[in-house]
Amino acid sequence: MARMKFLCDADRCIECNACVTACKNEHEIPWGINRRRVVTLDDGKPGERSVSMACMHCTDAPCAAVCPVDCFYTTADGVVLHNKDLCIGCGYCFYACPFGAPQYPKTGNFGTRGKMDKCTFCSGGPEADGSKEEYEKYGANRLAEGKLPLCAEMCATKALLAGDGEVIGEIYKERVETRGYGSGAWGWLTAYNDKAS
Amino acid sequence: MTRISAAVRTIVGALALVCAIALLTPAASTAQVNPNAAAVSEEQLLNQSDVIRGLGTIPDTKSYVLEHPAGREWRVFRTVWLKWIGGVSILGMLALLALFYFWRGTIHIDGGRSGRTIVRFTAFERFVHWLTAAAFVILGVTGLNITFGRALILPWLGHGAFSAWSEWGKYAHNYLSFAFTVGVILMFPMWVGQNFPTKADVEWLKTGGGMFSKGHGAPAPAWKFNAGQKMLYWFIVLGGAAMMVTGYVLIFPFYGGLTVGDMELAEIFHGGIGVLFVALILAHTYLGTLGMEGAFESMVDGTVDVNWAKEHHPLWADKEMAQQPLAGGPGLVTSTPAE
């Protein structure tokens, strides 16, 4: 089984936000929730870089460790998913997550959060693959259809890569060698304890 | 012909010159501008601060934080440290109380019951106490569930039932926090006058309040509250204030520009003080019920036996008896000046 990972090549990302839009459209994500976002560092200065960030599907996921109701699980593909029927909306996964991935719909007064929502690596949730329930709660299950996450699939500059960690790591390494520079695979050290270059 | 040979000479000469330059500067092909020269690297940014922040294009400004690996330190607090602090303080307190009970047993009224009582707590004082206490029990149980439930209750209830219980627990914890807040806010002015340290407290502390000697010596001096109770009072007021502040930060997440780091800090204090609170209240509950004869009724009908008052709060008892009409029948062990 492949170990699925994301890799954002910041030297290629042009901050077009197509990945963000594609994700929102593919999964019918409600207003106020962004499973993926683009953050620009040193905006307007020399060396400006943009990074597209979502759940990195960590090897030793902090969200899963701190969850008081144990609603997370890791699939055979190494994707970190959660069960919305179990989530109590405590918000702890957001505190623990190094990438700010968990999002919550505001459902009540004060800070009442609804069920947590995050990137599923386009692979749904615990419900039957491709079922209506799965789609409503987690969005499309592209992995079950043999497709990779849409954000990376439609990235115009192929800055965002998604797939077997070894394959995308090799692609990135080759790029860095060919062009002679690379500002690193953002988040890899934190998420996978690994540098891609 | 001569023009052609001249042109060839020029071209060959130019090529030779280019080759010579290329040979003389072997790095010329890679000497192009490195577009990455000014670019930041992840490692460099993480060494500078514990958060990598940039600019985004969506209204949620929290999302402008690209990375925040410090969350992993909070994870260690939550999954390791808090469990140890809570486990050691709560189980340790239970063990100490059990040992104390087996060694000392229930502390009886030495002189027996006189059958006459004096008022110790007014209806309002009892109301405030039980409001705070009832809210505390629910807050304590539901709070401990968030930290220890997954390890202790989940395997026994199963995922579905445990989540349902935890979600209700979360709501109870959030909403009953207001009852607890009201209780502590009322308790502060209500008893603050009787909780400032006095000379008697030094005496009381020297003998441990007589708790650790089985002999029936002279009672340790105390006014309405002894030194131990005063410490408990100040812990409840100050610790309660800390629990309220951190708790409301957690109920109103990210309000007023709070960052993830602030939220984590609030949780660290809320959890850490919370487990100590539970441990202390266990001791308070023990001494108010099983541990001491004649104490619990002061929080039921508000009165205590006169002999109990003389043995545990002698200074207060003398003062009160001079002012209060005694209720009850004969049998009073007196030390009044008339004798």
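Keep in mind the model is a prediction, meaning the values are calculated, not measured. (Residues numbered from 1 in each chain as written. Chains lettered and ligands numbered in written order. Predicted model: local features only at pLDDT ≥ 70, side-chain atom pairs only at ≥ 80, totals over all residues. Heavy atoms only, no water.)

1. Some words on the pattern of salt bridges
All names here are of chain A.
For step 1, the next point in the chain: All chains considered together, the criterion is met by 20 salt bridges over all chains.
For step 2, the next point in the chain: For the salt bridge of Asp11 with Arg49, the shortest nitrogen-to-oxygen distance reads 2.7 Å. Residue Asp11 is found in the loop between strand 1 (4-8) and helix 1 (18-27), and its partner Arg49 is found in strand 3 (residues 49-53); the two are separated by 38 residues along the sequence.
For step 3, the next point in the chain: Using a relative accessible area of 18% as the deciding quantity, one classes Asp11 as buried.
For step 4, the next point in the chain: Residue Arg49 is classed as buried on the basis of its relative accessible area of 9%.
For step 5, the next point in the chain: The salt bridge partner of Lys147 is Glu145, with a shortest N-O separation of 3.0 Å.
For step 6, the next point in the chain: You can call Lys147 partly exposed: its relative accessible area is 40%. (Salt bridge = Lys/Arg side-chain N within 4 Å of Asp/Glu carboxyl O. Helix = DSSP H or I, 4+ residues; strand = E, 2+ residues; numbered from the N terminus. Buried < 20%, exposed > 50% of the residue type's maximum accessible area, 1.4 Å probe, protein only.)

2. Some details on the side chain of B:Thr246
For step 1, the next point in the chain: Note that B:Thr246 resides in helix 8 (residues 227-251).
For step 2, the next point in the chain: Contacts of B:Thr246, omitting those with residues within four sequence positions, involve B:Ala266, B:Phe269 and B:His270. (Contact = heavy atoms within 4.5 Å.)

3. A closer look at the interface of chain B and chain A
The figure often quoted for interface size is the accessible area lost as the parts come together.
For step 1, the next point in the chain: Contacts between the two partners involve 56 residues from chain B, matched on the other side by 55 residues from chain A.
For step 2, the next point in the chain: Interface of chain B and chain A: buried area, both sides summed, is about 4,500 Å²; carbon and sulfur atoms make up 58% of it.
For step 3, the next point in the chain: On the chain B side of the contact with chain A, B:Leu66, B:Arg75 and B:Arg150 bury the most area, a combined 15% of that side's loss.
For step 4, the next point in the chain: The interface formed by chain B and chain A includes three salt bridges.
For step 5, the next point in the chain: The closest approach of N and O atoms between A:Asp70 and B:Arg150, which form a salt bridge, is 3.1 Å.
For step 6, the next point in the chain: The tally of links between chain B and chain A comes to 17 residue pairs in polar contact (both at pLDDT 80 or more).
For step 7, the next point in the chain: Among the elements that line the side of chain B that touches chain A, the one with the most residues is helix 6 (residues 159-192) of chain B, at 10 residues.
For step 8, the next point in the chain: Tallied by class, the residues present in the side of chain B that touches chain A amount to 28 nonpolar, 14 polar and 14 charged. (Buried area = accessible area lost by both parts, 1.4 Å probe. Polar contact = N/O pair within 3.5 Å; in protein donor to acceptor, adjacent residues only side chain to side chain. Nonpolar A, V, L, I, M, F, W, Y, C, P; charged D, E, K, R; others polar.)

4. Let's talk about the confidence of the model for chain A
For step 1, the next point in the chain: The predicted model of chain A has a mean per-residue pLDDT of 92, with 98% of residues at 70 or higher.
For step 2, the next point in the chain: Looking across chain A, the model is least confident in helix 7 (residues 188-192) of chain A, with a mean pLDDT of 89, and most confident in strand 5 (residues 80-82) of chain A, with 97. (pLDDT = per-residue confidence, 0-100.)

5. Topic: the layout of surface pockets
For step 1, the next point in the chain: When its volume is computed, the second largest pocket comes out at roughly 440 Å³.
For step 2, the next point in the chain: Around the second largest pocket, the lining comprises 17 residues; the ones closest to its centre are A:Tyr104, A:Lys106, A:Arg113, B:Lys62 and B:Phe254.
For step 3, the next point in the chain: Looking at the lining of the second largest pocket residue by residue, the classes come out as nine nonpolar, four polar and four charged. (1 Å grid on protein atoms, 1.4 Å probe; cavity = no way out; pocket = protein on both sides within 12 Å on 5 of 7 lines; lining within 4 Å. Points joined across faces, edges and corners; volume = space filled by probe spheres on them.)

6. Comments concerning the packing of helix 7 (residues 199-206) of chain B against helix 8 of chain B
All names here are of chain B.
For step 1, the next point in the chain: Put simply, helix 7 and helix 8 touch, their axes get as near as 8 Å, and they point 105 degrees apart. Classified by the angle their axes make, helix 7 and helix 8 are roughly perpendicular. Across the interface between the two elements, Asp201, Trp204 and Leu205 from helix 7 touch Ala227, Gly228, Lys230 and Met231 from helix 8.
For step 2, the next point in the chain: Of the residues contributing to the contact of helix 7 with helix 8, the split by class is four nonpolar, one polar and two charged. (Axes fitted to C-alpha atoms, helices over the stretch in contact; angles between N-to-C directions. Parallel < 35°, antiparallel > 145°, perpendicular 65-115°, else oblique.)

7. What about the packing of helix 3 (residues 71-104) of chain B against helix 4 (residues 123-152) of chain B?
Residue and element names in this part refer to chain B.
For step 1, the next point in the chain: Here helix 3 crosses helix 4 at 120 degrees, and the two axes come no closer than 10 Å. It follows that helix 3 is oblique to helix 4 by the angle criterion. When the axes of helix 3 and helix 4 are compared, the crossing they make is left-handed. Residues Arg78, Leu82, Lys83, Gly86, Gly87 and Ile90 of helix 3 form the contact with helix 4, whose participating residues are Leu144, Ile146, Thr147 and Phe148.
For step 2, the next point in the chain: Looking at the contact of helix 3 with helix 4, its residues break down into five nonpolar, three polar and two charged. (Left-handed = near helix turned anticlockwise from the far one by under 90°.)

8. A few points about the environment of A:Ser131
For step 1, the next point in the chain: Along the chain, A:Ser131 falls in the loop between helix 3 (92-96) and helix 4 (132-138).
For step 2, the next point in the chain: Through-space distance from the C-alpha of A:Ser131 to that of A:Val79 is 19 Å; in sequence the pair is 52 residues apart.

9. With respect to a negative patch on the surface
For step 1, the next point in the chain: A surface patch of negative charge is lined by A:Glu166, A:Glu170, A:Glu174 and A:Glu177.
For step 2, the next point in the chain: Mapped onto the secondary structure, A:Glu177 falls in helix 6 (residues 165-179). (Patch = residues over 30% accessible without salt bridge, like charges linked within 9 Å, V, L, I, M, F, W, Y side chains within 5 Å. Areas by Shrake-Rupley, 256 points an atom, 1.4 Å probe, with all protein chains shown as cover. Lys, Arg positive; Asp, Glu negative; His and termini not counted. Charge placed at Lys NZ, Arg CZ, Asp CG, Glu CD.)

10. Side note on the pairing of strand 6 (residues 160-164) of chain A
Moving residue by residue along a regular strand, the side chains alternate between the two faces of the sheet.
Residue and element names in this part refer to chain A.
For step 1, the next point in the chain: Most of strand 6 sits inside the fold, with four of its five residues counted as buried.
For step 2, the next point in the chain: Where strand 1 meets strand 6, five bridges bridge the pair, whose relative direction is antiparallel. Along strand 6, the bridge assignment pairs Leu7 with Leu161. (Pairing = 2+ DSSP bridges.)

11. Topic: the nonpolar core
For step 1, the next point in the chain: If you look at the biggest cluster of nonpolar residues, it comprises 72 residues, and the most contacted ones within it are A:Leu41, A:Met56, A:Phe72, A:Tyr95, A:Trp186 and B:Leu66.
For step 2, the next point in the chain: Discounting residues that sit within four places of it in the chain, A:Tyr95 has contacts with A:Arg113, B:His68, B:Gly71, B:Trp74, B:Leu250, B:Pro253, B:Phe254, B:Val260, B:Met263 and B:Glu264.
For step 3, the next point in the chain: One finds B:Leu82, B:Met93, B:Met244 and B:Val304 within the second-largest nonpolar core, a separate group that totals 51 residues. (Core = buried A, V, L, I, M, F, W, Y, C linked by side-chain atoms within 4.5 Å.)

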